[in-house]
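Close look at the chain arrangement
Spelled out, the chains give:
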Amino acid sequence: MSKKRVHEIAKEQGLSSKELMEKLNAAGMQVKTASSSLDEAAVLKALQSNGASASPASASPAPAAPASSADTTPTAPVATAEAPAAASAADPTAEAATDASKSDAERVRPTRDSRTGERAPAAASGPGGRRRVVIDSQASRRQQGGPANQPQRRPRRGRRRRGTYDETIAPIDTAAMETTDMIRINSGSTVKDVAEYLGVPVPEVIKKLMSLGEMATLTQTLADDAIQVLADEFSKEIEIVHAADDVEVEPVFEDDEGDMVDRPPVVTIMGHVDHGKTSLLDAIRETEVAAGEAGGITQHIGAYQVHHGEKVITFLDTPGHEAFTAMRARGARVTDVAVIVVAADDGVKPQTEEAIDHAKAAEVPIVVAVNKIDKEGAQPERVRTEMTQRGLQPAEWGGEIEFVDVSAKTRQGLDDLLETIQVVADLEELKANRDAEASGTVIESKLDPGRGPVVSILIQRGTLHVGDALVAGASFGRVRAMHDFLGTRVKRALPGEPVEVLGFDGVPEAGELVRVVENERRARQLAGERANRLKTEAMARRSGRKMSLEDVFKLAQEGTVKELGLVVKADVAGSLEAIEDEIAKLPQDEVTVNIIHRGVGGINESDVMLAAASNGLILAFNVRPVQDARQLSEREGVEIRSYSVIYRAIEDLRAAMQGMLEPEEVESSLGQAEVRQLFRASRIGVIAGSYVTEGKITRGSHVRVVREGTVIYDTTIGSLRRVSEDVREVSSGFECGIVLVNFQDLREGDVLETYETRKVERELA
């Protein structure tokens, strides 16, 4: 027979790929992946031998067939009756054991009279010959000892003791005591909160702050550094907890196996910029998305579903540009299978390596799609070699990673890619509970002018219905409407499905955990607590950068620190996050970038007024001014810079920061002259008869007097003569007379070095 893949043979035999792989491995055949090619005859032979070895074992305990039913029927009681006798004859202890079993069977529950040695009268029997049992708790005590005529003690009122137990006192767990010494303090805590956390009176904390040079009130928010200093002063070990640390990235739910049903796999497409990720996904789902992207670069995550046979696959498309690291990491966290796209004509690039790291960190199976194999110069084998060097060995080379050669342009190999993804997902046995309360992850969020906050959610557990109350970080709401990836309105969303949800009060951060709560009141409470936590943390960060008025005046006079105020607005939360990450990477030693306000949606009048009050500018990414914001910006003189590609915005921002840098003074040497003879004049002073050895000497230029290698004075040339005429400059190889300004102590042999200084623009490091 011909060779077939493991998953094809499993489908023919009515088994899952995982079960077939286990049986083949047990039979001695080494099978690594479900797409491995094996000889069908060898597989069937291994399965038959496995079944044959199991059948004799199951048939061996069966008794031998009797000769005839007439012979066995009458002899059966005789054999059973003789068996105990034979056993007792062979073993004397067997009879005693039989009597003991009879006595155990005839034993009845003791009554009060039987425990005191008296037989209960027949009248005590209830109807139907049932004996009435009266429990006397004092009977055993009277039987054990003490005079029979001792008066009975009245029972003590109150709760009756259930019994006494021999309990041993457990030793004190010193390790637990040591772990509780670490105090967890929320970032953004006030003076009062810190005092309660540390177990120190509030006046002591305020005194300590005053001794450290900071005046603080009871309700003032403290920076993280200040809290750490206070803890060190009071000899306390603390851990400052931020709001992001308290959020469980992957909540664990305990569901019964009977409630679990199969769900579509979530596949993330990752790779370097311009390697054809969106074109590949576009070819799979047969829609045009790449044409709508600015510069052909995907700006934010798109979620789509594709039908392959009878099954559904959910795809997430992540950007490949270097600025979108956080979005790639977020896509890898929620995925089940990571598809890394590598161009066959370009090979492995920096974002390819980053995608590999994200997939490995998320511990998800990886499938490599070698794209653009139809182009000239395509080298799929080179891609496999480079990926092998990074720890991803192809399955055809004996590794565990599936490689598929595809072409998004000619649609070659797309079916093989979908089949490979489906096989890898089947091995993961992805299941979810549909009947639980819905929970998932925010893929993307934006502010639509007509519909309000629009949030893209990937459902990971449960079923989301219209009308459910949701909470996502600091935002909450009730589901007013849901749309699938095609824009069709739906009433419910099952696990593994991406949907657009309308009804949130604000725009939640991308990557936030979304869950359904019992009612909108509870959702508002949870969102309010988190919003308050984030607000206090922001205040703590701002308080850590505070300067006194004297510091501001001093820095302004020195010109050492300048600030560029920014109001950043973007179309979606993911792009806003990427812009902030890129701004944070800029060197800000001399020019600091202060993001005054950040938000999702169009530029309104409030943004313009805020930028005007802070002498800043507005950086807009894929958004435009709304209403009268444009006219107001022109009146206030606020510049609005609009961009559609992120790296252009960062380049312009870097150029603006360079323009704010103080120019650097650069010194260049002009010439050098040697003093050979001194002349003195009554009204002029000392005239240095000099010979120009290098360059040229210019009248009015700066000059240094160097004696025996040491600079002794720095001045300018007041007069320059050649023979008896005043000249502007003297070139190398000529003699001249030089008179210096405010310096007469010249000696023969001194060297005069002339130079000039000029200011040049500086560049950011």
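Predicted model only: the values in this text are computed from it and were never measured.

1. Focus: the overall build of the protein
When helices and strands are tallied, the protein shows 23 helices and 33 strands. Here the analysis covers contacts within the protein between residues at least 6 apart in sequence; of these, 68% occur between residues at least 24 apart.

2. Points about the nonpolar core
Here is a general trend for soluble globular proteins: nonpolar side chains tend to be buried in one another's company. Ranked by internal contacts, the top residues of the largest apolar core, which has 25 residues, are Leu280, Ile284, Phe315, Val339 and Leu417. Of all the secondary-structure elements, those providing two or more residues to this core are β6 (266-271), α13 (277-285), β7 (302-308), β8 (311-317), β9 (337-343), β10 (366-371) and α17 (414-428). Of the residues forming this core, the biggest block, six residues, is contributed by α17. Contact partners of Leu280, with chain neighbours within four places excluded, come to Val341, Ala369, Val406, Ala408, Leu414 and Leu417. Grouped together as the second largest cluster of nonpolar side chains are 21 residues, Ala510, Ala570, Ile579 and Ile646 included.

3. With respect to a negative patch on the surface
A cluster of like negative charges, contributed by Asp256, Glu257, Asp259 and Asp435, occupies part of the molecular surface. Relative to the helices and strands, Asp259 is located in the loop between α12 (243-246) and β5 (260-262). Exposure remark for Asp259: the relative accessible area of 33% places this residue in the partly exposed category.

4. With respect to the packing of aromatic side chains
Under the criterion given, the structure shown has one aromatic pair. Ring plane angle 15 degrees and centroid distance 4.8 Å describe the contact between Tyr713 and Phe743, whose orientation is recorded as stacked. Of this pair, Tyr713 sits in strand β29 (residues 710-722) while Phe743 sits in the loop between β32 (735-740) and β33 (751-760); the two residues are 30 residues apart in sequence, bridging distant segments of the chain. When its relative accessible area of 12% is taken as the criterion, Phe743 is described as buried. The residue whose ring lies beneath Lys208 is Phe234, and the NZ or CZ to ring-centre distance is 5.6 Å.

5. Quick notes on the pattern of salt bridges
The final tally for this structure, using the stated rule, is 30 salt bridges. Arg707 serves as the salt-bridge partner of Asp750, at 2.9 Å between the closest nitrogen and oxygen. With a gap of 43 residues between them, Asp750 in the loop between β32 and β33 and Arg707 in strand β28 (residues 702-707) connect regions that are remote in the sequence. By relative accessible area, which is 2% here, Asp750 ends up buried. Given a relative accessible area of 15%, Arg707 falls into the buried group. By sharing partners, the salt bridges in this structure join Lys4, Glu12 and Glu40 into a single network.

6. Brief notes about the environment of Ala344
Relative to the elements of secondary structure, Ala344 occurs in the loop between β9 and α15 (350-362). Sequence separation between Ala344 and Glu381 is 37 residues, and the spatial gap between their C-alpha atoms is 8.5 Å. Those residues in contact with Ala344 that sit more than four places away from it in its chain are Val370, Asn371, Lys372, Ile373, Gly377, Ala378, Gln379, Pro380 and Val383.

7. Quick word on the side chain of Thr754
Among the secondary structure elements, Thr754 is positioned in strand β33. Judged by its relative accessible area of 1%, Thr754 is buried. In this view, Thr754 contacts Ser669, Leu670, Gly671, Lys696, Ile697, Ser701, His702, Val703 and Ile717; residues no more than four positions away in its chain are not counted.

8. Comments concerning the pairing of β33
Bridge count between strand β26 (residues 664-681) and β33: ten bridges; the pairing is antiparallel. Its bridge partner being in β33, Glu664 is matched across the sheet by Val760. Note that β28 and β33 share five bridges and pair antiparallel. Directly across from Val705, in β33, lies its bridge partner Leu752.

9. Quick word on the environment of Thr278
By secondary structure assignment, the location of Thr278 is in helix α13. Considered as a pair, Thr278 and Ala408 are 130 residues apart in the sequence and their alpha carbons are 9.2 Å apart.

10. A look at unusual backbone geometry
Phi is positive for Lys372, which is not a glycine, with a value near 60 degrees. Locating Lys372 in the fold gives a position in the loop between β10 and α16 (380-389). The class of Lys372 is buried, set by a relative accessible area of 19%. Of note in this structure, Glu708 is not a glycine but carries a positive phi near 55 degrees. Relative to the helices and strands, Glu708 is located in the loop between β28 and β29.

11. Things to note about the pairing of β28
In terms of residue burial, β28 counts as a mostly covered element, since five of its six residues are buried. Counting the residues in the hairpin turn of β28 and β29 gives two residues, including Glu708, whose phi is positive at 55 degrees.

12. Focus on the confidence of the model for the protein
Looking at the protein, the pLDDT average stands at 75 and 71% of residues meet or exceed 70. Below pLDDT 50 for its whole length, residues 159-167 participates in zero contacts with residues either more than four positions away or in separate chains. Below a pLDDT of 50 lies the segment residues 287-301, which in the model reaches 42 contacts outside its immediate sequence neighbourhood of four places, other chains included.

13. Quick look at the environment of Leu470
Along the chain, the position of Leu470 falls in strand β16 (residues 469-472). Sequence spacing of Leu470 and Val516 is 46 residues, and the spatial spacing of their C-alpha atoms is 4.7 Å. When sequence neighbours within four positions are dropped, the list of residues in contact with Leu470 reads Ile457, Leu464, Phe476, Gly477, Val479, Val501, Phe504, Val514, Arg515, Val516 and Ala523.

14. Let's talk about helix α21 (residues 605-613)
Within α21 the residues assigned to the buried category are Asp607, Val608 and Ala611. For α21, the angular spread of the buried residues around the axis is 100 degrees, confining them to a single face. Set apart from the buried face of α21 by more than 90 degrees, the exposed residues are Ser606 and Ala613. Here α21 starts with a cap whose side-chain oxygen sits 3.3 Å from the backbone nitrogen of Ser606, and that cap is Asn604. Asn615 sits one or two positions beyond α21 and adopts a positive phi of about 55 degrees.

Definitions and cut-offs
- Residues numbered from 1 in each chain as written.
- Predicted model: local features only at pLDDT ≥ 70, side-chain atom pairs only at ≥ 80, totals over all residues.
- Heavy atoms only, no water.
- Helix = DSSP H or I, 4+ residues; strand = E, 2+ residues; numbered from the N terminus.
- Contact = heavy atoms within 4.5 Å.
- Core = buried A, V, L, I, M, F, W, Y, C linked by side-chain atoms within 4.5 Å.
- Buried < 20%, exposed > 50% of the residue type's maximum accessible area, 1.4 Å probe, protein only.
- Patch = residues over 30% accessible without salt bridge, like charges linked within 9 Å, V, L, I, M, F, W, Y side chains within 5 Å.
- Areas by Shrake-Rupley, 256 points an atom, 1.4 Å probe, with all protein chains shown as cover.
- Salt bridge = Lys/Arg side-chain N within 4 Å of Asp/Glu carboxyl O.
- Lys, Arg positive; Asp, Glu negative; His and termini not counted.
- Charge placed at Lys NZ, Arg CZ, Asp CG, Glu CD.
- Phe/Tyr/Trp six-rings, centres within 6.5 Å; stacked < 30°, edge-to-face > 60°.
- Lys NZ or Arg CZ within 6 Å of the ring centre and 35° of its normal.
- Pairing = 2+ DSSP bridges.
- pLDDT = per-residue confidence, 0-100.
- Arc of directions from axis to C-beta.
- Polar contact = N/O pair within 3.5 Å; in protein donor to acceptor, adjacent residues only side chain to side chain.

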